[in-house]
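Below, each chain spelled out in residue letters.
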Amino acid sequence: MSTEAVPAAPASAEVPTCPFDFAQGLDFDPALLAMLRSEERVARVRMPYGEGDAWLVTRYEDVRTVTTDRRFSRNAVTGKDFPRMTPEPIVQTGAINLMDPPESSRLRRLVRQSFAPRHLERMRGRTQSVVDGLLDAMAESGSPTDLFAHLALPLPLVTICEVLDIPEADRHWLRAHAMTMMNMKPAGKEAAVRAKGELREYFARLTAERRRSPGADMISTLATAREGGEMLGEDELTVMAMVLLITGQDTTTYQLGNISYLLLTRDEVRERLRGEPDSLPRVLEELLRHIPFRKGVGIPRIATEDVELGGALIRAGDTVHVSYLTANRDGEKFERPDEIDLDRPAVPHMTFGWGSHHCLGSPLAVMELEIALSTLLRRFPDLALAVEPGEVEWNATSIWRYPLALPVTW
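Residues numbered from 1 in each chain as written. Predicted model: local features only at pLDDT ≥ 70, side-chain atom pairs only at ≥ 80, totals over all residues. Heavy atoms only, no water.

Per an unreviewed UniProt entry, the chain goes by Cytochrome P450 and derives from Streptomyces koyangensis.

Chemist: Explain the pairing of strand 8 (residues 319-322) here, please?
Modeler: With burial as the criterion, each face of strand 8 is covered, one bearing Thr319 and His321 and the other bearing Val320 and Val322. Across three bridges, strand 2 (residues 54-57) lies against strand 8 in parallel orientation. The residue of strand 8 that forms the bridge with tryptophan 55 is valine 320. In the sheet, strand 5 (residues 301-303) pairs with strand 8 via two bridges, with the strands oriented antiparallel. Its bridge partner lying in strand 8, arginine 301 is registered against valine 320. (Buried < 20%, exposed > 50% of the residue type's maximum accessible area, 1.4 Å probe, protein only. Helix = DSSP H or I, 4+ residues; strand = E, 2+ residues; numbered from the N terminus. Pairing = 2+ DSSP bridges.)

Chemist: Mind showing me how you'd approach the confidence of the model for the chain here?
Modeler: Predicted coordinates in regions of low pLDDT should not be interpreted in detail. On average, residues of the chain carry a pLDDT of 86, and 90% of them reach 70 or more. This model gives residues 1-19 a pLDDT under 50, and the stretch forms 39 contacts once residues within four places in sequence are excluded. Segment residues 21-27 is flagged for pLDDT under 50; beyond a separation of four residues in sequence, or across chains, it makes 22 contacts in the model. (pLDDT = per-residue confidence, 0-100. Contact = heavy atoms within 4.5 Å.)

Chemist: How should the sheet that holds strand 2 be read in this particular structure?
Modeler: Within a sheet, adjacent strands bond to each other through the backbone by hydrogen bonds, running parallel or antiparallel. As summarised here, the arrangement of the five strands in space is 1-2-8-5-3, forming an open sheet in which the pairing is mixed. Across the chains shown, the open sheet's two edge strands, defined by having one partner strand only, are strand 1 (42-45) and strand 3 (72-73). Across the sheet, helix 2 (residues 60-68) is in contact with strand 1, strand 2, strand 3, strand 5 and strand 8; its angle to strand 8 comes to roughly 125 degrees. (Axes fitted to C-alpha atoms, helices over the stretch in contact; angles between N-to-C directions.)

Chemist: How should I be thinking about the packing of helix 6 (residues 154-164) against helix 10 (residues 234-265) in this particular structure?
Modeler: If you want to describe how two helices pack, look at the angle between their axes and the distance between the axes. Contact pair helix 6 / helix 10: the axes reach a minimum separation of 8 Å and the direction vectors enclose 155 degrees. Viewed along their axes, helix 6 and helix 10 adopt a mutual orientation that is roughly antiparallel. Crossing hand, helix 6 versus helix 10: right-handed. Counted together, Leu155, Pro156, Leu157, Ile160, Cys161 and Leu164 of helix 6 and Ala241, Leu244, Leu245, Gly248, Gln249, Thr252, Thr253 and Leu256 of helix 10 form the full contact between these two elements. Residue composition of the contact of helix 6 with helix 10, grouped by class: ten nonpolar, four polar and no charged. (Parallel < 35°, antiparallel > 145°, perpendicular 65-115°, else oblique. Left-handed = near helix turned anticlockwise from the far one by under 90°. Nonpolar A, V, L, I, M, F, W, Y, C, P; charged D, E, K, R; others polar.)

Chemist: Explain helix 2 to me, please; I cannot follow it from the model alone.
Modeler: An α-helix turns once per 3.6 residues; consequently, residues spaced three or four apart project the same way. Looking at helix 2, one finds that the buried residues are Tyr60, Asp62, Val63, Val66 and Thr67. What you see down the axis of helix 2 is that its buried residues fit within an arc of 165 degrees, all on one side. (Arc of directions from axis to C-beta.)

Chemist: Even after reading the chapter, I still don't get the packing of aromatic side chains, so can you show me in this structure?
Modeler: To describe a pair of aromatic rings, you give the distance between the ring centres and the angle between the ring planes. Applying the stated criterion across every chain yields a total of ten aromatic pairs. Centroid distance phenylalanine 148 to tyrosine 402: 5.6 Å. Interplanar angle 10 degrees. Geometry classified as stacked. Separated by 254 residues along the polypeptide, phenylalanine 148 in helix 5 (residues 147-152) and tyrosine 402 in the loop between strand 9 (384-385) and strand 10 (407-409) bring together distant segments of the chain. The exposure class assigned to phenylalanine 148 is buried, which follows from its relative accessible area of 4%. A relative accessible area of 6% means that tyrosine 402 is categorised as buried. Summarising the aromatic geometry, the rings of tyrosine 202 and phenylalanine 203 are spaced 5.2 Å apart at their centres and angled 80 degrees between planes, so their arrangement reads as edge-to-face. Phenylalanine 203 shares its class with tyrosine 202; the two are buried. An aromatic cluster of three or more residues is present, and its members are Phe148, Tyr254, Phe293, Trp400 and Tyr402. Over the face of the ring belonging to phenylalanine 82 we find arginine 84, whose NZ or CZ atom lies 5.8 Å from the ring centre. In this structure, arginine 289 is placed above the aromatic ring of phenylalanine 334, and the distance from its NZ or CZ to the ring centre is 5.2 Å. (Phe/Tyr/Trp six-rings, centres within 6.5 Å; stacked < 30°, edge-to-face > 60°. Lys NZ or Arg CZ within 6 Å of the ring centre and 35° of its normal.)

Chemist: How should the side chain of asparagine 328 be read in this particular structure?
Modeler: Mapped onto the elements, asparagine 328 comes out in the loop between helix 13 (324-327) and helix 14 (362-379). Side-chain polar atoms of asparagine 328 contact the backbone nitrogen of methionine 350, separated by 2.7 Å. Apart from residues lying up to four places away in sequence, asparagine 328 is in contact with Leu288, Arg289, Phe334, His349, Met350 and Thr351. (Polar contact = N/O pair within 3.5 Å; in protein donor to acceptor, adjacent residues only side chain to side chain.)

Chemist: Would you take a moment to explain the side chain of aspartate 318 for this structure?
Modeler: Examined against the element boundaries, aspartate 318 turns out to sit in the loop between strand 7 (312-314) and strand 8. A distance of 2.9 Å separates polar atoms of two side chains, one belonging to aspartate 318 and the other to tryptophan 55. Setting aside anything within four residues of it in sequence, one finds aspartate 318 in contact with Arg44, Trp55, Arg301, Ile302 and Ala303.

Chemist: Any chance you could explain the sheet that holds strand 4 (residues 145-146) here in plain terms?
Modeler: Pairing in this open sheet of three strands is antiparallel, and the strands run 4-10-9 from one edge to the other. Only two strands of the sheet have a single neighbouring strand rather than two, namely strand 4 and strand 9.

Chemist: Help me understand the pattern of salt bridges in this model?
Modeler: Within the structure shown, the criterion is met by 27 salt bridges. Here arginine 175 makes a salt bridge to aspartate 250, at a shortest N to O gap of 3.8 Å. Taken together, the residues arginine 175 in helix 7 (residues 171-181) and aspartate 250 in helix 10 connect sequence positions 75 residues apart. Look at arginine 175 and you get buried, because its relative accessible area is 7%. Judged by relative accessible area, aspartate 250 falls into the buried class, the value being 1%. Of the charged contacts in the structure, one is a salt bridge between arginine 272 and glutamate 276, with a shortest N-O distance of 3.7 Å. (Salt bridge = Lys/Arg side-chain N within 4 Å of Asp/Glu carboxyl O.)

Chemist: What is the right way to look at helix 10 in this model?
Modeler: Taking 1.5 Å per residue, 32 residues should reach 46 Å; helix 10 reaches 47 Å between its end C-alpha atoms and fits that length. Of all the 32 residues making up helix 10, 28 are buried; the element is thus mostly covered by neighbouring parts of the structure. (Expected span 1.5 Å × (residues − 1).)

This is the structure:
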């Protein structure tokens, strides 16, 4: 890649391949990563969709700068046809993940209350009950069976829907619409636009009902919460509920599938967790750092003034994408970054983002992963892949990276 501007692809052109557009495998291209970080730590790239080109930031410290420096604005992408991975922008106008501080700070304080330790502890018992029920059903189905379908797919959806009090009859419809929005194929644009609109209509009705008749769920808490005498507006509440549903089940589903695959193919990791179950929290942090769960990048930022970064001059108005995935493999931050080190000293990874857009639901996601993985290893000590690792098929249509199925035996 050159640091010179790369012209945007015409609408009729074949979609170009992005630097991290891969369909399977647990690793990045080491040569590509080495080139990016050593030769072009801030590289000029073209994305599959959107107008113009963008800067791609790959080093840990540079990513931290962009995600904390007020000269880079998420809000400034509003209304722009910005360079991106999907034909239809996933972002919603008015969403918290498009806000900059201090505007976003008010909403984050309200949402953070719902993920306070006392609430998580209450959810822990229910999550354990759901996991037990799912694994009971898997055992009853007999060996071999699909671990992804029995555990990774339903658990996060059930958990976040219970937190939001989403009717069970609506859950699979909502998940299908969320998946449609993440499709990277050009032919999926119309369906993605329709799915996003229908999701917004659904949550507009649901949040209005909760405002009139609040319950004990998170949407009701947000609908009635006050910050400095103010309440969330109708659009703010609608989009917040929509974002919570999508982010609350997507990433956890895919990471649970990815981590399960790794445990089934890396004996040393599996044996460590079986022999030292108390090491799970520490090992899990290393696996979250190591395993990519997304193909490419997410929501960019716009430079609001000229900024020099990583040897490049980013001009005011330029689009800047950060790669949390490559930052997690930065050799200047992590020794032997491409290896799994089960005893790695604690260094914060960026899997849940950084700065003002660090994922508020990460404590819930980690709690789900810990309960699911510890229970799985305890109840199925002889769990093994029922096929060769190379026979596992991986998603190749959406921005997420995950196995489509995990055939297992025990």
